[in-house]
Every structure is written in structure tokens, then in C-alpha cells.
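A look at the structure
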Amino acid sequence: MRVLVTGANGFIGQHVMTALEDAGHEAMGLDLIRGLRGAVGFVGDITQPLVAIPELDAVIHLAALSHPRQCDENPSKAFDINVQGTHNVLKMALASGAKKVVFSSSAHVYDIPPRYMPTDELHPLRLNNTYTTTKLLGEQLCHLFYENHGLSYTTLRLFNAYGPGQAPGYFIPDMIVKAQADAFELHGANTTKDWVYVEDVARAFVLALESPFVGEINIGTGVETNLGFIASTIANIEGVSCTTYDAPNATRMCADNTRARKVLGWTPTKTIMEGIDAIYSLQTA
């Protein structure tokens, strides 16, 4: 397939581009800046109308303002990118004759914490902040284009993606920076997440692209891991101490990935320990 990846130079986007090429697809990137990759790409802003791309088969839409704090600090920018931008991408896909869009959403749409765990796709949704509101509106736009124009879609609700190349401001890279500086403390160590390695996430996008399934799919490991375990693991690797403190009202997250297994044939390949080892192996390579 000839596939356009929006946000191709981002953390997940770079891994998706590689996964597409490894699977034999023709991958093209769209981003605000031209990347360092050799693949064909376009420089463009999804908040502006996008030109149709001839012979385009599918779109993987990753471009977004993806940090909840940034969305809350600048709601107008969040809506421009995550909602109007998604609308522009869908219009471009339709005008290009694409047959499928894979949309990147978030497990945050279930609320944190969710009402029950492991959390499946039938869990009630909640507009609990700017980020989740924009993601749910993006999901609804995909559904509207399917209902009104026949543009097929799959929405992947990602749990906590991590791996090589993730920017500062996210938990694991921040813990590595702290541990490399000196001993550190962590408050809220009993907070849990479902950590899914970025290469497993990228593979899920390729599988969704190739699937006829229309609707929402969780991408998570189904394993709940607390922040204290990860921080202590990183501290041990760096040879420093980490003092952890539990929070009285810690939140929890854990995916039910049954649908991903059944519909996509997707299963995670890396445990959190293997993922952290992989990050360190690539840093020292």
C-alpha cells in the first residue's frame, strides 16, 4: 500500500515509518519539518487545508498535540491541531481516494482511573480534560466520515507507549535523566500504568492498516506496573538510590487487549524490563 503517516517525525511516527517499510508498504511522511529519514515526505501543517495525494491508499494519523498538560495550557492550539487538523486529514484522505484511515487515540478517554480494570473498549468514555475531549472528537470525526462517505477507519486507543527516542517530559526518559544526575525521590510510586513498547505500538498500526475492522481497539499489554518499580529499576541500572513514597489516592490503568488479539492478531512482545533494557542498549550502541 501507499501510506501517508502524519506526524512522521514524532516519537511513534518514526517507528511506524520503519514498521511500514519493513512490512513492504510505501511509506510517506507528513510533518511540520522535513525529517532526516530518506523516505519520501511532505512538509505540511494539518491545521491548514491539505492537498490531495495521487494514488494514496491509506493514512495513519498520528500528528497531534499529545501531552495533556500542553493541551490544558493552550486549548485553542489543542483544538486546532487535534480536531480541525483531524478533519483536514480526513478530507485529504477522502479527496485522495484513500480507502482506510488509522487514527491514534488514547486510553485517557476512559478517564484516569477508569471505572474498572482491565479496561475494554465498551468502558464509558469521559471528557475529563482538553486532551481527552479533542481525542474523542477526533474519534467521532472518523466515524462521521465512515458513515457519511464510506471512508473506513480503525481507532487505536494507546495505553502508555515508551521506548527509544521518547522526548523529555514523559515518565521513563525523565527518570533516566534524574538517575543519571544523582539519587532522587519519587512521589506517587504506587500509581500504575500499562506500559507498551513503541515497536509493539508501531506493529499494531500496520496490522490495523491491513485489517477490515472498523471501530476502536485498545493497544496495551494487559499488565499493570507501578511507577516505583520502574524508577527503582532505572536507579539500579544507574547505580544510584531512589526513595519512593506512595500516594493516598493513586490512580491505576490496565488494558483489556482481547479485541487487539482477536481482531488484529496483535500481542505485545516486550515486557517492561525488556523494554527498559532495549532503551539502554540503544543508548550505548
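All figures in this text were calculated on a predicted structure; none of them were measured in a lab.

On to helix H6 (residues 198–209). The end-to-end C-alpha distance of H6 is 17 Å, a good match for the 16 Å that twelve residues give at a rise of 1.5 Å each. Where burial is concerned, most of H6 is hidden: nine out of the twelve residues are buried. Considered for burial, the residues of H6 that qualify are Val-198, Asp-200, Val-201, Ala-202, Ala-204, Phe-205, Val-206, Ala-208 and Leu-209.

On to the layout of surface pockets. Estimates place the volume of the largest pocket at around 1,600 Å³. Class assignment of the residues belonging to the lining of the largest pocket gives a composition of 24 nonpolar, 17 polar and seven charged.

With seven of seven residues buried, strand E6 (residues 152–158) is to be regarded as a mostly interior element. Where burial is concerned, the two faces of E6 agree: the one with Ser-152, Thr-154, Leu-156 and Leu-158 and the one with Tyr-153, Thr-155 and Arg-157 are both buried. In this sheet, E6 lies alongside strand E5 (residues 100–106) in parallel orientation, the contact comprising seven bridges. By the bridge assignment for E6, Lys-100 is matched with Ser-152.

Moving on, we come to the environment of Met-253. Position of Met-253 among the secondary structure elements: in the loop between strand E13 (242–245) and helix H8 (258–264). A relative accessible area of 3% places Met-253 in the buried class. Taking C-alpha positions, Met-253 is 5.9 Å from Asp-194, a pair spaced 59 residues apart along the chain. Setting aside chain neighbours within four positions, we find Met-253 in contact with Ala-107, His-108, Ile-112, Met-117, Phe-159, Asn-160, Thr-192, Lys-193, Asp-194 and Glu-224.

The subject of this paragraph is the pairing of strand E8 (residues 184–187). Judged by which residues are buried, E8 turns out to be one-sided: Phe-184 and Leu-186 face inward and are buried, whereas Glu-185 and His-187, on the alternate face, are not. Inspection of the sheet shows E8 paired to E13 by four bridges, in the parallel sense. For Glu-185, the partnering residue across the bridge sits in E13 and is Thr-243.

Our focus in this paragraph is the packing of helix H5 (residues 171–181) against helix H7 (residues 227–238). At their nearest, the axes of H5 and H7 sit 9 Å apart, and the two run at 40° to each other. Between H5 and H7, the angle is such that the two are oblique. Helix-helix and strand crossings are classified by hand; for H5 and H7 the assignment is right-handed. Residues Phe-171, Ile-172, Met-175, Ile-176, Ala-179 and Gln-180 of H5 form the contact with H7, whose own contacting residues are Leu-227, Ile-230, Ala-231, Ile-234, Ala-235 and Glu-238. Looking at the contact of H5 with H7 residue by residue, the class counts come to ten nonpolar, one polar and one charged.

Attention now moves to the state of the cysteines. For the coordinates displayed, the defined rule picks out zero disulfides. Free cysteine Cys-142: the closest other cysteine sulfur is in Cys-71, separated by 17 Å.

Evaluated as defined, the whole model comprises four aromatic pairs. Measuring from centroid to centroid gives 5.6 Å for Tyr-162 and Tyr-197, while their planes differ by 70°, and the two rings are edge-to-face. Here Tyr-197 lies in strand E10 (residues 195–197) and Tyr-162 lies in strand E7 (residues 160–162), a separation of 35 residues in the sequence. Across the pair, exposure class does not vary: Tyr-162 and Tyr-197 are buried alike. On the numbers, 6.0 Å between centres and 35° between planes, the contact of Phe-171 with Trp-195 is tilted.

Turning our attention to the pattern of salt bridges. As enumerated under the stated definition, the model contains six salt bridges in all. For the salt bridge of Arg-259 with Glu-121, the shortest nitrogen-to-oxygen distance reads 3.9 Å. You can see Arg-259 sitting in helix H8 and its partner Glu-121 sitting in the loop between E5 and helix H4 (130–149), a full 138 residues away along the chain. Notably, a salt bridge pairs Asp-200 with Arg-203, separated by 2.8 Å at the nearest N-O pair. You can see Asp-200 and its partner Arg-203 sitting in helix H6, three residues apart, about one turn around the helix.

Cut-offs and rules
Residues numbered from 1 in each chain as written. Predicted model: local features only at pLDDT ≥ 70, side-chain atom pairs only at ≥ 80, totals over all residues. Heavy atoms only, no water. Helix = DSSP H or I, 4+ residues; strand = E, 2+ residues; numbered from the N terminus. Expected span 1.5 Å × (residues − 1). Buried < 20%, exposed > 50% of the residue type's maximum accessible area, 1.4 Å probe, protein only. 1 Å grid on protein atoms, 1.4 Å probe; cavity = no way out; pocket = protein on both sides within 12 Å on 5 of 7 lines; lining within 4 Å. Points joined across faces, edges and corners; volume = space filled by probe spheres on them. Nonpolar A, V, L, I, M, F, W, Y, C, P; charged D, E, K, R; others polar. Pairing = 2+ DSSP bridges. Contact = heavy atoms within 4.5 Å. Axes fitted to C-alpha atoms, helices over the stretch in contact; angles between N-to-C directions. Parallel < 35°, antiparallel > 145°, perpendicular 65-115°, else oblique. Left-handed = near helix turned anticlockwise from the far one by under 90°. Disulfide = S-S within 2.5 Å. Phe/Tyr/Trp six-rings, centres within 6.5 Å; stacked < 30°, edge-to-face > 60°. Salt bridge = Lys/Arg side-chain N within 4 Å of Asp/Glu carboxyl O.

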